[in-house]
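# Commentary on secondary and tertiary structure
Letter by letter, the chains look like this.
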Amino acid sequence: MTRFIVVLLALLALAETAFAAPPEPATLGEGQVLRGRFVQERHLKGFQAPLKSEGHFTLVPGRGLLWRTDTPFAVTTVMSPSGIVQEVRGTETMRLPASKLPFLSRLYAMLGGALGGDLKALESMFAVVREADASGWRLVLTPLKADDPAMPIRSITLKGARLVEEVEIAKPDGDFDRLRFLDQDLTAGPPAAEEVQLLGSAGRS
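Residues numbered from 1 in each chain as written. Predicted model: local features only at pLDDT ≥ 70, side-chain atom pairs only at ≥ 80, totals over all residues. Heavy atoms only, no water.

### A few points about the overall build of the protein
Scanning the protein for helices and strands turns up three helices and eleven strands. Across the protein, helices and strands are ordered from the amino to the carboxyl terminus as β-β-β-β-β-β-α-α-β-β-β-β-β-α. The 205 residues of the protein split such that 47% are buried. Sequence separation of at least 24 residues holds for 51% of the intrachain contacts in the protein that already meet a minimum separation of 6. (Helix = DSSP H or I, 4+ residues; strand = E, 2+ residues; numbered from the N terminus. Buried < 20%, exposed > 50% of the residue type's maximum accessible area, 1.4 Å probe, protein only. Contact = heavy atoms within 4.5 Å.)

Encoded structure:
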């Protein structure tokens, strides 16, 4: 699940009237925290129905992403520039340092850039096509190197208004993940103590 976590982004600038300028993706900055719920559907070949999971996420720009799945079972995944850690009921079940799997650092840069509206980070890895109207925006990202084994993604499509509302990650084999983001709350201030502790866990060797 972790590798395909696909995806999240924060955008802003929403046109308030029909005459306003088209919305543009916003960039989350230091000192901001984005929280919300997610619904993830994994569409896999050979499965008639998608595999569905739901939970909560917290993005702290520059520090990491907390991805807490509530159903079908509880798993907490922490992604940071240092790598990925998974916990089940407080017990660490997986630790993958980015130093051993370079794709992890790119995955974090990709997801953090998408969620945080950091288009410069995304444009270093993807060709970006933008569309927008008064109701929202759409970004289609395709890898700059289509045959790059460290980027097992065919395309990423992001849709949103003030914040990202949907992300679809298509893989070379035809499988794809679709994520919807709900009840998002962008606040200023430090993350909670529990969030700091979890984010710190990903940096331990």
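### A short note on the packing of aromatic side chains
Applying the stated rule across the entire model yields four aromatic pairs. An aromatic cluster is present here, built from Phe-38, Phe-57, Trp-67 and Phe-181 joined pairwise through their rings. (Phe/Tyr/Trp six-rings, centres within 6.5 Å; stacked < 30°, edge-to-face > 60°.)

### A few points about the pairing of strand E3 (residues 64-71)
When you tally the buried positions in E3, you get six out of eight residues, the bulk of the element. Sheet topology places strand E2 (residues 51-60) next to E3; seven bridges connect them, and they run antiparallel. Each residue of the ladder has a partner; that of Glu-54, found in E3, is Thr-71. Two successive antiparallel strands, E2 and E3, enclose a turn made up of three residues, where Gly-62 displays a positive phi of approximately 85 degrees. Two strands pair when backbone bridges link them, and E3 and strand E4 (residues 75-80) are joined in this way by five bridges, in the antiparallel orientation. (Pairing = 2+ DSSP bridges.)

### Notes on the confidence of the model for the protein
Within the protein, residue pLDDT values average 81, and 81% of them lie at 70 or more. Low pLDDT, under 50, characterises residues 6-19; the predicted model gives this stretch 62 contacts beyond four residues in sequence or across chains. (pLDDT = per-residue confidence, 0-100.)

### Quick notes on the sheet that holds E3
The strand order E6-E5-E4-E3-E2-E1-E11-E10-E9-E8-E7 describes an open sheet built from eleven strands, whose pairing is antiparallel. Across the chains shown, the open sheet's two edge strands, defined by having one partner strand only, are strand E6 (91-97) and strand E7 (126-133). Looking at each pair of strands side by side, their axes are set apart by 20 degrees on average, direction ignored. The pairing of strand E10 (residues 164-170) with strand E11 (residues 176-188) spans five bridges and is classified as antiparallel. If you follow Val-167 over to E11, its bridge partner there is Leu-179. (Axes fitted to C-alpha atoms, helices over the stretch in contact; angles between N-to-C directions.)

### Observations regarding the nonpolar core
Counting 32 residues, the largest nonpolar core has Leu-65, Met-110, Ile-156, Leu-158, Val-167 and Phe-181 as the members making the most contacts within it. Top contributing element to this core by residue count: helix H1 (residues 102-116), with six residues. One finds Val-33, Val-60, Leu-66 and Ala-202 within the second-largest nonpolar core, a separate group that totals eight residues. (Core = buried A, V, L, I, M, F, W, Y, C linked by side-chain atoms within 4.5 Å.)

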